[in-house]
Structure formats: structure tokens, C-alpha cells
Amino acid sequence: RESFIHLCNPHLEKMKEDILYHFALGTGTHDFPALFGDVKFVCVGGSASRMKSFTAYIAEELGLGSPGDDYPNICAGTDRYAMYKVGPVLAVSHGMGIPSISIMLHELIKLLHHAKCSNITLIRIGTSGGIGLEPGSVVITRQSVDATFKPQFEQVILGKSVIRSTNLDDQLAKELMQCSKEINQFNTVIGNTMCTLDFYEGQGRLDGAICLYNEEEKLQYLKEAYDSGVRNIEMESSVFAAMCNLSGVKGAVVCVTLLNRLEGDQISSSHDVLVEYQQRPQKLVGYFIKKRLGKV
């Protein structure tokens, strides 16, 4: 059964044209069904270069490209986000933090709706700080929690606080976990992900420009997070989960941990090690897509 994007905005029906400003795309200037109508998998990540490398990787994995092939940036008319497409896979950068990914998701969800896409799987692939995990472990998010460990995203709309659910698709998480077992290349867990508004104080680091708490207080907080089920920390998953839920899209968050925050705050691994770590979510999601398409 086909499942289409649900838009929670009746005002869009009255618009003659919808300009997706931050993508440099618009329904009056682009044929969305022709450009994007065959998309089934959308992968988003913070870095534009990482999403381009993911596109090249998935193209080879699906037999749709060769080493050295170039993939044009569909959003070349703007420097806000980058977008690449190969076959049924769309890859989009989202920048850093809730405000940046929120803007991107508003326009991405509208794009998928205008393109009449159905049965979309939306996956965030990225990096994170781990809690109680060896660096290089991959965390598949069960639910995103805020800095007080509550599974919710709070946003002020028209001066009022609105609370939205941040649970992610349980079956999709289990499917990804099974894929990791089949790959059997790195440690993978399903756990809660804490989404914060900041990289430094918001995540209890001691190495920011401002820090008015001590190491004991920091460790106590991180251990409380671990005891509540949190296994990693990043800055985008809460609004990602909330918007997937409101739009009827099956979503997942797959992030590699670059360090164990119980042992330090600074990322000290070598460049080559970090590059290999960052490829792990790509490998897992790439295998998942191949399996869904019957190419494993």
C-alpha cells in the first residue's frame, strides 16, 4: 500500500507557487515529479562533502556509478544546503544544530510531497559523542530525548510552548540492527540519543570558552544520562523525529560515536581513524538500501 507524505499545513493548497528558498528550487521553475518522483530513500547528514561522498558510495553499491563519477549539486544555486541524487536515493546536507536541520526538513518534506513520492524512508547519518561506548560504535536511535532525558521536542510557536513526540520507527530500527549483524564489521547498539542545543555547555563539556561547573558534576550528569538509556549525544535528532512523526514518514537516526564522553571531551583520534568511523553509518545504511532493493 502506498504511503504518501502528510503535510500539516492547509495554507499550502492556496499557493500558486511554492518557492523552496534554501534549496534554490520552486514548483514554478522545476518539475518536481520528473526530478524526484522515483525517490524512495532520503539520507541526510550535516556535511555537504560527506553527503557527496555517500552519494558516490551508494551509486557504486547499487551498480549505478563508477569510481570517479561526478554528481552535480542540485542546490548549486544556494550555499545553504547541498543535494545529490542517484537512482532512488536522495542525499541532502542539513548543517549543524536544530535550527539548521529544521529549515532543511520543512523544504525537503514539501519537495517530496510536490514530487508525489510514496513509501519514503528518511535516515539521518552522522557523528556523535558516545556515553559508555567504545569510539567507533554505531548507535541506532530508539527515541530522541532532550537534555533532561524526556522524549520530547519543545518549540515555541506564536509565543506558546508546543511539545512533540520524538519516538522513531521501532521496526525500522530493528531492521537496521539486523543489517549491522549481517555486516558484522563494527559494534552497533539501539539506544536513546540525547539532542542538545549546544556542543559545549549543553553537552557538559569542560573545554568550552565558558564552563561554570566541575568535572564531578559533569560525570554525574553523563552517568544519569547513561542510566536513563542514553548512549550518544548530538544536536539534530529531536526535531528530525518530531517532523517525521508529523509528516507520516518512517525515520531513523544512525550515528557513529567519535569518543566516549565518560573518558574525555576532546576528539583526539587521528584524521584517518575519524574518516573510517564516519564511513560506518554510510556502510550500514548502504547495506540496508541494497537489501531493501533486493541487491544483497
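Conventions used here
Residues numbered from 1 in each chain as written. Predicted model: local features only at pLDDT ≥ 70, side-chain atom pairs only at ≥ 80, totals over all residues. Heavy atoms only, no water. UniProt positions renumbered as here; feature names shortened; annotations may be inferred. Helix = DSSP H or I, 4+ residues; strand = E, 2+ residues; numbered from the N terminus. Buried < 20%, exposed > 50% of the residue type's maximum accessible area, 1.4 Å probe, protein only. Contact = heavy atoms within 4.5 Å. Polar contact = N/O pair within 3.5 Å; in protein donor to acceptor, adjacent residues only side chain to side chain.

Looking at an unreviewed UniProt entry, one finds the chain named Uridine phosphorylase and attributed to Rostratula benghalensis. One UniProt comment on the chain, placed under Sequence similarities (unreviewed entry), says "Belongs to the PNP/UDP phosphorylase family." Checking UniProt for the chain, the heading Function (unreviewed entry) contains the comment "Catalyzes the reversible phosphorylytic cleavage of uridine to uracil and ribose-1-phosphate which can then be utilized as carbon and energy sources or in the rescue of pyrimidine bases for nucleotide synthesis. Shows broad substrate specificity and can also accept deoxyuridine and other analogous compounds."

K.L.:
When you look at the UniProt feature "binding site: substrate" (unreviewed entry) in the chain in this model, what are you seeing that I'm missing?
P.N.:
Within this numbering scheme, the UniProt entry marks Gln203 and Arg205 as carrying the feature "binding site: substrate" (unreviewed entry). Examined against the element boundaries, Gln203 turns out to sit in the loop between strand E10 (188–195) and helix H5 (215–227). A relative accessible area of 3% means that Gln203 is categorised as buried. Here Gln203 is in contact with Thr196, Asp198, Leu222, Ile233, Glu234, Met235 and Arg261, once residues within four sequence places are set aside. Among the polar contacts listed, one links the side chain of Gln203 to the backbone oxygen of Asp198, at a separation of 3.4 Å. Position of Arg205 relative to the elements: it lies in the loop between E10 and H5. Arg205 has contacts with Phe199, Tyr200, Cys211, Tyr213, Leu259, Arg261 and Asp265, leaving out every residue within four places of it along the chain.

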